[in-house]
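# Geometric and topological summary
Here are the chains, one letter per residue:
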Amino acid sequence: STLIPQAVNVQVYTSWWSDQLVLDNTPLKDIIKRLQETYRVDIQVSDEKLLERCLTGSIENSSLQVIIDALAKALQVTVQCQGKTIIFGGDYNNSLQ
């Protein structure tokens, strides 16, 4: 097989160690993997379709809770934290009523 160099947004790969978490059309499944590795938590989704949703933007990288809350708002889903388990799912708009 052949390796083909591609231009990438370097901030996406280095932002985990800075004040901002930068996402560039990043699938939720990739974000979850990084968060699980970084914070040693178990993250689940109630709807598997969420894993393919892609996000672009930046999130303040001050704490896991800030990141989780921002992701839930961007995805428009609820989030539950139970110990070291985080569950994304449910309709965000219905939880506001």
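Note: the structure precedes this text.
These figures come from a predicted structure and were not determined experimentally.

Tracing the backbone through its elements, the reader meets Thr-26 in strand β1 (residues 20-27). Under the relative-accessibility criterion, Thr-26 is labelled buried at 11%. Side-chain polar atoms of Thr-26 contact the backbone nitrogen of Asp-24, separated by 3.1 Å.

Counting 22 residues, the largest nonpolar core has Leu-35, Leu-71 and Phe-88 as its most contacted members. Among the elements of the structure, β1, α2 (28-39), β2 (42-45), β3 (54-60), α3 (64-75) and β5 (85-91) are those that each provide at least two residues to this core.

Tallied over the full model, the rule gives one salt bridge. Lys-29 serves as the salt-bridge partner of Glu-52, at 3.5 Å between the closest nitrogen and oxygen. Residue Glu-52 is located in the loop between β2 and β3, and its partner Lys-29 is located in helix α2; the two are separated by 23 residues in the primary sequence. Under the relative-accessibility criterion, Lys-29 is labelled partly exposed at 39%.

This brings us to the packing of α2 against α3. Between α2 and α3, whose axes approach to 12 Å, the crossing angle comes to 165°. By the angle between their axes, α2 is roughly antiparallel relative to α3. Relative to α3, α2 is oriented so that their crossing is left-handed. Contacts between α2 and α3 involve Leu-28, Ile-31, Leu-35 and Tyr-39 from the first element and Leu-64, Ile-67, Ile-68, Leu-71 and Leu-75 from the second.

Here the phi dihedral of Asn-25 falls at roughly 55°; this positive angle occurs in a residue that is not glycine. One can find Asn-25 in strand β1. Phi at Gln-76 takes a positive value of approximately 55°, unusual for a residue other than glycine.

Below, the discussion takes up α2. Between its first and last C-alpha atoms α2 spans 16 Å; for twelve residues at 1.5 Å apiece the expected length is 16 Å, and the two agree. For α2, the complete set of buried residues consists of Leu-28, Ile-31, Ile-32 and Leu-35. Projected down its long axis, α2 shows its buried positions confined to an angular sector of 100°, all on one face. Tucked inside the fold, the buried residues of α2 contact β1, β2, β3 and α3. After α2 finishes, the residue Arg-40 shows a positive phi value of roughly 55°.

A few words on the environment of Asp-19. Within the secondary structure, Asp-19 sits in the loop between α1 (10-14) and β1. For Asp-19, a relative accessible area of 64% puts it in the exposed group. Residues Asp-19 and Ser-62, 43 residues apart in the sequence, show an inter-C-alpha distance of 6.5 Å. Every residue in contact with Asp-19, bar those within four places of it in the chain, is listed here: Ile-59, Glu-60 and Asn-61.

Each value, and the rule that gives it
Residues numbered from 1 in each chain as written. Predicted model: local features only at pLDDT ≥ 70, side-chain atom pairs only at ≥ 80, totals over all residues. Heavy atoms only, no water. Helix = DSSP H or I, 4+ residues; strand = E, 2+ residues; numbered from the N terminus. Buried < 20%, exposed > 50% of the residue type's maximum accessible area, 1.4 Å probe, protein only. Polar contact = N/O pair within 3.5 Å; in protein donor to acceptor, adjacent residues only side chain to side chain. Core = buried A, V, L, I, M, F, W, Y, C linked by side-chain atoms within 4.5 Å. Salt bridge = Lys/Arg side-chain N within 4 Å of Asp/Glu carboxyl O. Axes fitted to C-alpha atoms, helices over the stretch in contact; angles between N-to-C directions. Parallel < 35°, antiparallel > 145°, perpendicular 65-115°, else oblique. Left-handed = near helix turned anticlockwise from the far one by under 90°. Contact = heavy atoms within 4.5 Å. Expected span 1.5 Å × (residues − 1). Arc of directions from axis to C-beta.

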